[in-house]
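Summary of structural features
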Amino acid sequence: MSSQNRTGSRRKQITTITGLALAGALALTGCSPEVQKGWLPTERGTTNHTDRIMDLWVNSWIAALVVGVITWGLMIWCIVAYRRRKGTVGFPRQNSFNLPLEVFYLTIPVFMVLVFFYFTDRDQQAIDNRDQPADVVVDVRGKQWAWDFNYKKGDVITDDVHEAGVQAHLTGNDVDKEKLPTLYLPVNKSVDVELNSRDVIHSFWVPAFLQKRDMIPGKTNYIRFTPTKEGTYDGKCAELCGEYHSEMLFRVKVVSESEFKSHLDQLRQSGNTGLLGDEYDRNPAPTPTATK
């Protein structure tokens, strides 16, 4: 009887410790701004999607942490409660199966996967929704190892204009960011970024926007977002694309609509009218001419 009491007391202590550990882990999620945003490289409100992506990321980690703490707690409890005690001889009673426990092990993980899938799919569909036309459409073309920006005529843009970027040159010194290819976008206007590649697979990535998508030769991908905070944001190619991949840098400037139109006027006055289209693409494997 006294042995059973000691075992029950130990179980109660372990349950209490596990509960406190779980409560402490949850409390730590609100300790600092870095923790609250999941150490992501941005701030809330940068685009219309950053808050949604940030919440999905942080809440997924919280759920994973809760599951981890419960699992670790149960493992420790089993180790302590069912350990081999001094003076014990023989083996404990062996069970070939435990149907309730097996059903639990099956249903709970399936339920968790379905919940994760639901929230991920819901947010992904909202982020990629392009049912309504965008206010601004920019055809971004990746090339070894720079970027071309084609601003397409539409509601905000009055004429097709373009800006051809040049490769950054890393020498070990600070990069002159004023010389990097710079994509201008108007604040609070929905933007469709059409992603195309002139040669090999690249990837358009602006860390502060929390969105990244590949640029595949012969295929147009899209990113839809609305920048909601003015500022200058660093971007880069996120797909290993050759010898000077690390020098394929660019910037995004989110400015007022008037400043955006002023920049387009400067491009127009500089003779950068029209679009730099497929005619500047490189075909690494031209189709052979048929012979009789």
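As a reminder, the structure under discussion sits directly above these lines.
Residues numbered from 1 in each chain as written. Predicted model: local features only at pLDDT ≥ 70, side-chain atom pairs only at ≥ 80, totals over all residues. Heavy atoms only, no water.

Here we look at the side chain of His162
Formally: Helix and strand assignments follow DSSP, with helices taken as H or I runs no shorter than four residues and strands as E runs no shorter than two, numbered in order from the N terminus. What qualifies as a polar contact is a pair of N or O atoms within 3.5 Å, subject to a donor-acceptor requirement within protein and to the restriction that residues adjacent in sequence count only when both atoms come from side chains. Any pair of residues with heavy atoms lying within 4.5 Å of one another is described as a contacting pair.
As for its placement among the helices and strands, His162 is situated in strand β3 (residues 161–164). A distance of 3.4 Å separates a polar side-chain atom of His162 from the backbone oxygen of Thr273. Within the local environment of His162, its side chain forms a polar contact with the backbone oxygen of Gly274, the two atoms lying 3.0 Å apart. Excluding anything up to four places from it in sequence, His162 contacts Phe149, Asn150, Leu267, Asn272, Thr273, Gly274, Leu275 and Leu276.

Some thoughts on unusual backbone geometry
Residue Trp145 follows Gln144 across a cis peptide bond; omega there is 0°. As for its position among the elements, Trp145 is in the loop between β1 (136–143) and β2 (146–152). Despite not being glycine, Leu210 shows a phi value in the positive range, around 60°. Structurally, Leu210 can be placed in the loop between β6 (202–206) and β7 (211–215).

A few points about the environment of Lys143
Inspection of the secondary structure assignment puts Lys143 in strand β1. Considered as a pair, Lys143 and Cys237 are 94 residues apart in the sequence and their alpha carbons are 10.0 Å apart. If near-sequence neighbours (up to four positions away) are discounted, Lys143 is found in contact with Asp148, Ala164, Gly165, Arg198, Asp199, His202 and Met248.

Overview of the sheet that holds strand β8 (residues 221–225)
Formally: Any two strands with at least two DSSP-identified bridges between them are counted as paired. Each axis is a line fitted through C-alpha atoms, taken for helices only over the stretch in contact, and angles between the N-to-C directions span 0 to 180 degrees.
Strand order in this open sheet of 5 strands is β3-β2-β1-β5-β8, and the pairing throughout is mixed. Because the sheet does not close on itself, it has two edges, and the strands there are β3 and β8. Sheet twist, expressed as the mean angle between neighbouring strand axes with direction ignored, is 20°. Where strand β5 (residues 191–197) lies against β8, 5 bridges are found, and the strand directions are antiparallel. Bridge pairing links Glu194 to Tyr222 in β8. Against the sheet, helix α5 (residues 257–269) makes contact with β1, β2 and β3, and its axis sits at roughly 80° relative to β3, the strand it touches most.

Here's the deal with the packing of helix α3 (residues 50–81) against helix α4 (residues 99–127)
Using the following cut-off: By definition in this entry, angles of less than 35 degrees are roughly parallel, angles greater than 145 are roughly antiparallel, angles of 65 to 115 are roughly perpendicular, and the rest are oblique. Side-chain classes follow a simple rule in which Ala, Val, Leu, Ile, Met, Phe, Trp, Tyr, Cys and Pro form the nonpolar group, Asp, Glu, Lys and Arg form the charged group, and the remainder, Gly included, forms the polar group.
In the contact formed by α3 and α4, the axes pass within 10 Å of each other and the chain directions differ by 170°. Considering the angle they form, α3 stands roughly antiparallel to α4. Across from Arg52, Ile53, Leu56, Ser60, Ala63 and Val67 in α3, the residues of α4 making contact are Met112, Phe116, Phe119, Thr120, Arg122, Asp123, Ala126 and Ile127. Of the residues assigned to the contact of α3 with α4, the class counts are 9 nonpolar, 2 polar and 3 charged.

Things to note about the pattern of salt bridges
We count it as follows: Salt bridges are counted wherever a side-chain nitrogen of Lys or Arg sits within 4 Å of a carboxyl oxygen of Asp or Glu. Only protein chains enter the calculation, and the probe is 1.4 Å; a residue is then buried if its accessible area is under 20% of its type maximum, exposed if over 50%, and partly exposed in between.
In the structure shown here, the tally under the stated rule is 20 salt bridges. Between Arg141 and Asp281 there is a salt bridge whose closest N-O contact spans 3.5 Å. Placement of the pair is Arg141 in strand β1 and Asp281 in the segment after α5, with a sequence separation of 140 residues. Two residues, Arg268 and Asp159, come together in a salt bridge whose shortest N-O distance is 3.6 Å. Of the two residues, Arg268 is situated in helix α5 and Asp159 in the loop between β2 and β3; the sequence distance between them amounts to 109 residues. Residue classification places Arg268 among the partly exposed positions, given a relative accessible area of 24%. Put simply, Asp139, Arg141, Lys143, Asp148, Arg198, Asp278 and Asp281 are held in one network by salt bridges that share partners.

What to know about the pairing of β5
Of all 7 residues making up β5, 7 are buried, and the element is well covered by its neighbours. Burial of β5 is two-sided: the residues Val191, Val193, Leu195 and Ser197 facing one way and the residues Asp192, Glu194 and Asn196 facing the other way are all buried. Bridge analysis of β1 against β5 gives 7 bridges, and the strand direction is parallel. When the bridges of β5 are listed, Val136 appears paired with Val191.

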